[in-house]
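Topology and contacts: notes
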Amino acid sequence: MLNQEIRDKYKVVIGLEVHAQLLTQSKMYASDPVEYGNLPNTNISVITLGHPGTLPVVNKRAVEYAMRMGIACRSEITRYNIFDRKNYFYPDLPKGYQVTQDKTPICRGGFIAIKTKEGGEKQVSLTRIHMEEDSGKSMHLEGDVDTLVDFNRAGTPLIEIVTEPVVESSEEAYVFLQEIRRLVRYLDICDGNMEEGSLRCDANISVMLAGSEVYGKKVEVKNMNSFRNVQRAIEYEIERQILAVEAGEKISSETRTFDATTGTTISMRTKEELNDYRYFPEPDLSPLVISDEWLNSVKEQMPSLPWELLHKFVNEYGLSEYDAQVLTDSKNIALYFEELCSQTRNYKAAANWMMGPVKGYLNELTLDITNFPLKPAQVAELIELVDSNKVSFSVASQKLYPLLLQQPQQKAIAIAEAENLLQESNEDTILPIIEDVIAAWPEKVEEYRGGKKGLLGLFMGEVMKKSQGKADPKKTNQLLREALEK
Amino acid sequence: MKIDKATLQKIAHLARLDFEEAGADKMVADMTEILDWVEKLNELDTDGVEPLTNMSAEQNVLREDEAKEPLSHERGLLNAPKKDSDYFRVPKVME
């Protein structure tokens, strides 16, 4: 085990490469459908299978999605793009090369801001974002003499987001990936699902003595198929490298794979390592030129970004930074809240409903807000009932809301009437209850009148109980004081 | 440009091709000759000339994102040297 003192002597340098599958209908260079979970080798075409004499044609939407990501990351958008062939042999790569962008990545520079542990913000600089195609899938089944290949995934459009070596810990890598997932979801360009492989991450990790000018040899770790595993793999690799350096061993540049069952990384050193990709321009694709006009039209169609909504929630709706943070965490929640705020003026109450009863229900049933039974207008109606003193917040949230969830086609006010939940603010109804309570507790009334004002709570509680929670608390409080001080 | 045997081996490995050791000398000579011939192009002054990456003058040949009828599963697998009802089968890649 590595003790903290030794660990603190080292600086960790991590660069991340994140692949995101784009949410297009068809593939990057061919028109066969992009769909997850179909029967093997059914989403294919002669182009995808790499048959001789076929010509690829670039998917316009995939280019626009890559531009969206670049715009969101404040990258510079490359105007003159070519595609390149990356040559290597592997059975799930039918052409013997991957069509990617080597010389002219569509986005250069830019950054993604993440929250640090200390509560500050860090801008993770990007080297580039480029477009490419996914490979097929190979299956190596135990006991089978062959490897099985499915080309459904082959040719699926990808963007690869490459960071500068500026990530300094496994936690930062974790937070960065979560931020990427949030961003691609806001941008509607990728579903961000790591477990299904639509978002994938490789990490280049090295360690160096703090204060040193010389970077350590970097090790690439692959095959981390969840956010947690990325963190675990990096953590393991940092320890392994520091222990090796401490023992006087040399770290070699290599590719390692993460084994989630043992939590360790294993060297993949094989002949494949000797690869030399021999990139050269793809002669089958003409250059791709992005005009001002095209770039501007993509900018105009940009969906709202999380920090834009956060800014709006704080500045226009007067929410706290924290509340705005929580409400913009997921795009669908943020959009629901936006809609809700167009139906009510009580933004603070809207935020409280979202973060309390609404989220509570969703969490309990592990539902996404898109499956929430109530429309924003119905939540707005609940807020209105509370604001107009027709029901108390506690009755609204604990009685009316659950009933409404069971019969969402009903009007909230109709349910409140039918279930006798409407708040009583009529003096003629409340006063007799107050009189009953005062008559039932003569000693306490004496104590109160003798100066023990804290007893008001007890009387309030009794009145509320007798009114079955329906007495308007404000009115009751006022009437009760008057009655006691008579 | 002189090709040596190590380079020849590397190129053969990258192309996943085997060759008879006896033919190696001839291949080294042939490849050197080819490269020398291509080398001649370096005599041209290409300063200020952008690399030509495509033989046509076309730009932005793009496709709208519409999924079309894929190649049928049966036809896709038709020419595979080895297959089963679902998959292409290739020699085992990982042990």
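Note that the structure is predicted; figures quoted are calculated from it, not measured.

Per the domain assignment, the segments making up chain A are domain 1 (4-293), domain 2 (304-418) and domain 3 (427-485). Between the C-alpha centres of domain 2 of chain A and domain 3 of chain A there is a distance of 33 Å.

A word on the pattern of salt bridges. For the structure shown, the criterion picks out 36 salt bridges over all chains. We note a salt bridge from Glu 172 of chain A to Lys 122 of chain A, for which the minimum N-O separation is 2.8 Å. Highlighted residues: Glu 172 of chain A in helix H3 (residues 170-186) and Lys 122 of chain A in strand S9 (residues 121-133), separated in sequence by 50 residues. Of the two residues, Glu 172 of chain A and Lys 122 of chain A, neither departs from the other in class, the shared state being buried. Between Asp 30 of chain B and Lys 26 of chain B there is a salt bridge; the shortest N-O distance is 3.0 Å. Placement of the pair is Asp 30 of chain B and Lys 26 of chain B together in helix H2 (residues 24-39), with a separation of four residues, close to one helical turn. With relative accessibility at 32%, the residue Asp 30 of chain B sits in the partly exposed group. Members of the salt-bridge network, linked through shared partners, are Asp 144 and Asp 146 of chain A together with Lys 82, Asp 84 and Arg 89 of chain B.

Let us look at the sheet that holds strand S2 (residues 88-91) of chain B. Pairing in this open sheet of three strands is antiparallel, and the strands run S10(A)-S11(A)-S2(B) from one edge to the other. Two strands close off the open sheet at either side, each with one partner strand: strand S10 (137-139) of chain A together with S2 of chain B. Taking the axes of each pair of neighbouring strands and ignoring which way they run, one obtains an average angle of 35 degrees across the sheet.

Tallied over the entire structure, the rule returns zero disulfides over all chains. Cys 201 of chain A takes part in no disulfide bond, and the closest cysteine sulfur to it belongs to Cys 190 of chain A, at a distance of 13 Å.

Moving on to the side chain of Ser 169 of chain A. Residues and elements named next belong to chain A. Tracing the backbone through its elements, the reader meets Ser 169 in the loop between strand S12 (157-163) and H3. According to the relative accessible area criterion, Ser 169 is buried, its value standing at 17%. Within polar-contact distance, the side chain of Ser 169 engages the side chain of Glu 171 at 3.2 Å. A distance of 3.1 Å separates the side chain of Ser 169 from the backbone nitrogen of Glu 172, its partner in a polar contact.

Across the five residues that make up strand S11 (residues 146-150) of chain A, a large majority, five, are buried. Side-chain alternation along S11 of chain A places Asp 146, Leu 148 and Asp 150 of chain A on one buried face and Thr 147 and Val 149 of chain A on a second face that is also buried. The pairing of S10 of chain A with S11 of chain A spans three bridges and is antiparallel. Following the sheet pairing, Ser 138 of chain A is matched in S11 of chain A by Val 149 of chain A. Remark: six residues form the turn of the hairpin made by S10 of chain A and S11 of chain A, two consecutive strands paired antiparallel; Gly 143 of chain A in that turn has positive phi of roughly 85 degrees. Sheet topology places S11 of chain A next to S2 of chain B; four bridges connect them, and they run antiparallel. Bridge assignment links Leu 148 of chain A to a residue of S2 of chain B, and that residue is Arg 89 of chain B.

This brings us to the side chain of Asn 43 of chain A. Tracing the backbone shows Asn 43 of chain A in the loop between strand S1 (10-21) and strand S2 (58-59). Reaching out from Asn 43 of chain A, the side chain makes a polar contact with the backbone oxygen of Glu 35 of chain A at a distance of 3.4 Å. Within the local environment of Asn 43 of chain A, its side chain forms a polar contact with the side chain of Asn 38 of chain A, the two groups lying 3.2 Å apart. Beyond its immediate stretch of four places on either side in the chain, Asn 43 of chain A contacts Lys 27, Asp 32, Pro 33, Glu 35, Asn 38, Phe 151 and Asn 152 of chain A together with Pro 70 of chain B.

Often, the extent of an interface is quoted as the loss of accessible area on bringing the components together. With 56 residues of chain A in contact, the opposing surface of chain B contributes 35 residues. Across the chain A/chain B interface, buried area totals approximately 3,900 Å², and carbon plus sulfur atoms make up 55% of it. Our count for the contact surface shared by chain A and chain B stands at six salt bridges. A salt bridge links Lys 82 of chain B to Asp 146 of chain A; its shortest N-O distance comes to 2.8 Å. Viewed at the interface, chain B and chain A are joined by 27 residue pairs in polar contact (both at pLDDT 80 or more). Every element with two or more residues in the side of chain A that touches chain B is listed here: S2, helix H2 (60-72), S11 and strand S18 (288-289) of chain A. At five residues, S11 of chain A tops the list of elements feeding residues into the side of chain A that touches chain B. Along the lines of polarity and charge, the residues of the side of chain A that touches chain B split into 29 nonpolar, 14 polar and 13 charged.

Definitions and cut-offs
- Residues numbered from 1 in each chain as written.
- Chains lettered and ligands numbered in written order.
- Predicted model: local features only at pLDDT ≥ 70, side-chain atom pairs only at ≥ 80, totals over all residues.
- Heavy atoms only, no water.
- Domains from an automatic or database assignment.
- Salt bridge = Lys/Arg side-chain N within 4 Å of Asp/Glu carboxyl O.
- Helix = DSSP H or I, 4+ residues; strand = E, 2+ residues; numbered from the N terminus.
- Buried < 20%, exposed > 50% of the residue type's maximum accessible area, 1.4 Å probe, protein only.
- Pairing = 2+ DSSP bridges.
- Axes fitted to C-alpha atoms, helices over the stretch in contact; angles between N-to-C directions.
- Disulfide = S-S within 2.5 Å.
- Polar contact = N/O pair within 3.5 Å; in protein donor to acceptor, adjacent residues only side chain to side chain.
- Contact = heavy atoms within 4.5 Å.
- Buried area = accessible area lost by both parts, 1.4 Å probe.
- Nonpolar A, V, L, I, M, F, W, Y, C, P; charged D, E, K, R; others polar.

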